[in-house]
Number of protein chains: 2
Amino acid sequence: MSAETHSAPRTARELARAELTRAIKQSASEQLAEVGPSALSLRAVARALGMASSAVYRYFASRDELLTALIIDAYNSVGEAAEQADAQAKAEGHPPTGRWLAVNRAVRAWALANKHQFELVYGTPVPGYAAPQDTTVAAARMPLTLVGIYNEAHPEFPADRPQPEPGLITETIAELITVPEGRGRLILAWSGLIGVLSFELFGQFNGVVTDYAKYFDYTARATAAELGLG
Amino acid sequence: MSAETHSAPRTARELARAELTRAIKQSASEQLAEVGPSALSLRAVARALGMASSAVYRYFASRDELLTALIIDAYNSVGEAAEQADAQAKAEGHPPTGRWLAVNRAVRAWALANKHQFELVYGTPVPGYAAPQDTTVAAARMPLTLVGIYNEAHPEFPADRPQPEPGLITETIAELITVPEGRGRLILAWSGLIGVLSFELFGQFNGVVTDYAKYFDYTARATAAELGLG
DNA sequence: TCGTAAACGAGAGCACTGCTCTCTAATTGA
DNA sequence: TCAATTAGAGAGCAGTGCTCTCGTTTACGA
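Residues numbered from 1 in each chain as written. Chains lettered and ligands numbered in written order. Predicted model: local features only at pLDDT ≥ 70, side-chain atom pairs only at ≥ 80, totals over all residues. Heavy atoms only, no water.

Looking at an unreviewed UniProt entry, one finds chain A named TetR family transcriptional regulator, with Actinorhabdospora filicis as its source organism.

Have a look at this one:
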């Protein structure tokens, strides 16, 4: 993860480096999808690529750094899925509630299709995790899609419900959510969305819910109603 | 985890076995609290007890089985914390909302005090996890406390909100929640509670929420309002 | 009471992991 | 062309989960 990764490769060596970095990440991603984060082995990745395990350390300083790269990819992956779903729902002329439901469903579909990526991002953090600044911008994409829907909806927020006191939410986030009354609720909806998916994927709903897809739709609709989306 | 563990030990050998099983679990629990589930090492547990690592396998067939034992303990631990908090709030004559808030706070306090146990239970499931029948009864204690509050509250449920269609929730669970209109909401509140705590503990709220304790109180109050608790 | 069967603990060993170090070969820019 | 940097390979270290074997201890029925 040195600087030349982000700049355009000029020499053959830099090109080879960029290509191999990409290949390592892809191979790691495939292994992640198969065995999950905890069982992801740097040696196995090296083996799959036909190189010595020590050589991988020229590209990623540690297993955790490799995982961090995969975390960023995963965040971007959900974010893109959410953005695409919203763009399509918007193009089809759906009202805010429809867009909200579409994005929620897209996130669930992504989670089901990429179970181990979901684990990696929303499950227990990896031991040596540092949460570098690089991840935050990627992590924000999905929730910001939800914020966008809310901001455009001109929601009617019931006045008699509990409000978070001023200053509870970070200034930068508060500015992004232009409808002040919904700030607390929107963040709650976001964590609730992931919470429901965690429960479904991690088996907490075993013997509680019968039809996961339908129950998820219900929760998405319930949340939309609480947000006052039209 | 053989049968004689659960029956009263008669012989000296059975007594020693029960004692050692307990000692292994306790040592493992201490190590869990220090280094977390992923770094819990069976060999280190054996070392701490001054025994050969192979000897531990006489008591727990695998590392996963040891972790499963700790999972059950953790579930009972939260469950007990929740029950105690509710009992005290009830004894103090608090209305349902007060009891709800007390239990929610107790769960959060438990999670903060037992971060790694929370990870173990509500984070990424352990790889070889089986979710045996043993865990379900322990796992149910905390959510059943929430159910109890709700059932006693005679909540007034707003009629115009989305309802889960009949049959979406397991028969056994549906019977436990005596107010049909709140079944979907209550389960949502449960997963939402854990979702918020996951976000707080796993760093997802970094740069979003300023005061975690106050924000948590807000979410608990908001959920209580949605449930129509008095 | 005694002898057999079961349980126990220790140790060696296997295959694997992350990671470091050293050494050689290739590539680079001056 | 040549010194400096970089890549790759291999050996090695310390650790892991788990298995197998081998004596030893305990329990229980004849």
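### Details of the protein's contact with DNA strand C
If you check the shell around DNA strand C, you find 23 residues, and the closest are L42(A), R43(A), R47(A), R63(A) and R58(B). The sugar-phosphate backbone supplies 52% of the atoms of DNA strand C found within 4 Å of the protein. The side chain of S41(A) places a nitrogen or oxygen atom 2.9 Å from a phosphate oxygen of DNA strand C. R43(A) has a polar side-chain atom sitting 2.4 Å from a base nitrogen of DNA strand C. Broken down by secondary-structure element, the contributors of at least two residues to the surface near DNA strand C are α1 (12-35), α2 (42-48) and α3 (53-56) of chain A together with α1 (12-35) and α3 (53-56) of chain B. Residues that form the surface near DNA strand C fall into these classes: nine nonpolar, six polar and eight charged. (Near = heavy atom within 4 Å. Polar contact = N/O pair within 3.5 Å; in protein donor to acceptor, adjacent residues only side chain to side chain. Helix = DSSP H or I, 4+ residues; strand = E, 2+ residues; numbered from the N terminus. Nonpolar A, V, L, I, M, F, W, Y, C, P; charged D, E, K, R; others polar.)

### Section: the environment of Q163(B)
Residues and elements named next belong to chain B. As for its placement among the helices and strands, Q163 is situated in the loop between α7 (133-153) and α8 (171-176). Residue Q163 is classed as partly exposed on the basis of its relative accessible area, which comes to 38%. For the pair formed by Q163 and R43, sequence separation is 120 residues and the distance between their alpha carbons is 51 Å. (Buried < 20%, exposed > 50% of the residue type's maximum accessible area, 1.4 Å probe, protein only.)

### Regarding the protein's contact with DNA strand D
The immediate surroundings of DNA strand D are formed by 23 residues, with R17(A), R58(A), Y59(A), R43(B) and R47(B) found nearest. Per the 4 Å cut-off to the protein, sugar and phosphate atoms form 54% of the nearby atoms of DNA strand D. At a separation of 2.7 Å, a phosphate oxygen of DNA strand D approaches a polar backbone atom of L42(B). At a separation of 2.8 Å, a phosphate oxygen of DNA strand D approaches a polar backbone atom of R63(B). Every element with two or more residues in the surface near DNA strand D is listed here: α1 and α3 of chain A together with α1, α2 (42-49) and α3 of chain B.

### Side note on the packing of α7(B) against helix α9 (residues 183-201) of chain B
In helix packing, the relevant descriptors are the interaxial angle and the interaxial distance, both defined with respect to the helix axes. Residues and elements named next belong to chain B. Packing of α7 against α9 brings their axes to within 11 Å, and their N-to-C directions diverge by 135 degrees. The angle between α7 and α9 places the two elements in the oblique class. Here α7 runs over α9; the crossing is right-handed. When α7 is examined against α9, the residues M142, P143, L146, V147 and Y150 are found in contact with a partner set consisting of L186, W190, L193 and I194. (Axes fitted to C-alpha atoms, helices over the stretch in contact; angles between N-to-C directions. Parallel < 35°, antiparallel > 145°, perpendicular 65-115°, else oblique. Left-handed = near helix turned anticlockwise from the far one by under 90°. Contact = heavy atoms within 4.5 Å.)

### Topic: the UniProt feature "domain: HTH tetR-type" (unreviewed entry) in chain A
If you check UniProt for "domain: HTH tetR-type" (unreviewed entry), the listed places come out as residues 18-78 of chain A in our numbering. The span residues 18-78 of chain A is 74% helical and 0% strand by assignment, and the distance between its end C-alpha atoms comes to 24 Å. (UniProt positions renumbered as here; feature names shortened; annotations may be inferred.)

### Some points on the relation of the copies chain A and chain B
One copy of the chain maps onto the second through a rotation around an axis plus a translation along that axis. Mapping chain A onto chain B calls for a screw motion: a turn of 180 degrees about the axis and a shift of 0.0 Å along it, with 0.1 Å RMSD after fitting. Here the symmetry operator amounts to a two-fold rotation axis. Considering only C-alpha atoms, the residue of chain A closest to the rotation axis is G195(A), which sits at 2.0 Å. Comparing interface residues between copies, 100% of those in chain A also lie at the interface in chain B; the contact surface is shared. (Least-squares fit on C-alpha atoms with pLDDT ≥ 70 in both.)

### Considerations on the packing of aromatic side chains
Residues and elements named next belong to chain A. Summed over the entire model, instances satisfying the criterion amount to 18 aromatic pairs over all chains. With 6.1 Å between their ring centres and 65 degrees between their planes, F118 and F202 make a pair best called edge-to-face. Placement of the pair is F118 in helix α6 (residues 115-122) and F202 in the loop between α9 (183-201) and α10 (212-227), with a sequence separation of 84 residues. Assigned by exposure class, F118 and F202 land together as buried. Seen in terms of ring centroids, F199 and F205 are 5.4 Å apart; in terms of plane orientation they differ by 75 degrees. Their pairing is edge-to-face. F205 shares its class with F199; the two are buried. (Phe/Tyr/Trp six-rings, centres within 6.5 Å; stacked < 30°, edge-to-face > 60°.)

### Some points on α9(B)
Residue and element names in this part refer to chain B. Here α9 is 19 residues long and its end C-alpha atoms lie 28 Å apart, about the 27 Å a rise of 1.5 Å per residue gives. Counting buried residues along α9, 18 of its 19 residues qualify, which places the element largely inside the surrounding structure. A positive backbone phi angle near 85 degrees is found at G203, which sits one or two residues after α9. (Expected span 1.5 Å × (residues − 1).)

### Quick look at the side chain of N104(A)
All names here are of chain A. Take N104: it is sitting in helix α5 (residues 96-113). Within the local environment of N104, its side chain forms a polar contact with the backbone oxygen of W100, the two atoms lying 2.7 Å apart. Sequence-distant contacts of N104, defined by excluding residues within four places in its chain, comprise L146, L193, F216 and A220.

### Some points on α2(B)
Residues and elements named next belong to chain B. Buried within α2 are the following residues: L42, A44, V45 and A46. The residue sitting at the N-terminus of α2 and contributing the capping side-chain oxygen is S41; that oxygen lies 3.2 Å from the backbone nitrogen of R43. Backbone geometry just after α2 places G50 at a positive phi near 70 degrees.

### Quick notes on the packing of helix α4 (residues 63-91) of chain B against α7(B)
All names here are of chain B. Following both chains from N to C, one finds α4 and α7 inclined at 20 degrees, their axes separated by 7 Å at the closest point. In terms of orientation, α4 and α7 fall into the roughly parallel class. Relative to α7, the crossing made by α4 is left-handed. Contacts between α4 and α7 involve T68, I71, I72, Y75, N76, V78, G79, E80, A82, E83, D86 and K90 on the former and, on the latter, D134, T135, A138, A139, R141, M142, T145, I149 and E152. In terms of residue class, the contact of α4 with α7 is made up of nine nonpolar, five polar and seven charged.

### Thoughts on the nonpolar core
Soluble globular proteins: nonpolar side chains tend toward being buried together. Ranked by internal contacts, the top residues of the largest apolar core, which has 134 residues, are F118(A), M142(A), F205(A), F118(B), M142(B) and F205(B). Once you skip the residues sitting within four places of it in the chain, M142(B) turns out to touch V78(B), G79(B), A82(B), V107(B), Y122(B), W190(B), L193(B) and I194(B). (Core = buried A, V, L, I, M, F, W, Y, C linked by side-chain atoms within 4.5 Å.)

### What about the interface of chain A and chain B?
Counting residues at the interface gives 49 residues for chain A, matched by 49 residues for chain B. Summing both partners gives a buried area of about 4,200 Å² for chain A against chain B, and 63% of it is carried by carbon and sulfur. Where chain A touches chain B, the interface holds four salt bridges. Applying the counting criterion to the chain A and chain B interface returns 19 residue pairs in polar contact (both at pLDDT 80 or more). Elements that contribute at least two residues to the side of chain A that touches chain B include exactly α6, α8 (171-176), α9 and α10 of chain A. Of all the elements, α9(A) adds the most residues to the side of chain A that touches chain B, at ten residues. Among the residues making up the side of chain A that touches chain B, the classes are represented as 25 nonpolar, 16 polar and eight charged. (Buried area = accessible area lost by both parts, 1.4 Å probe. Salt bridge = Lys/Arg side-chain N within 4 Å of Asp/Glu carboxyl O.)

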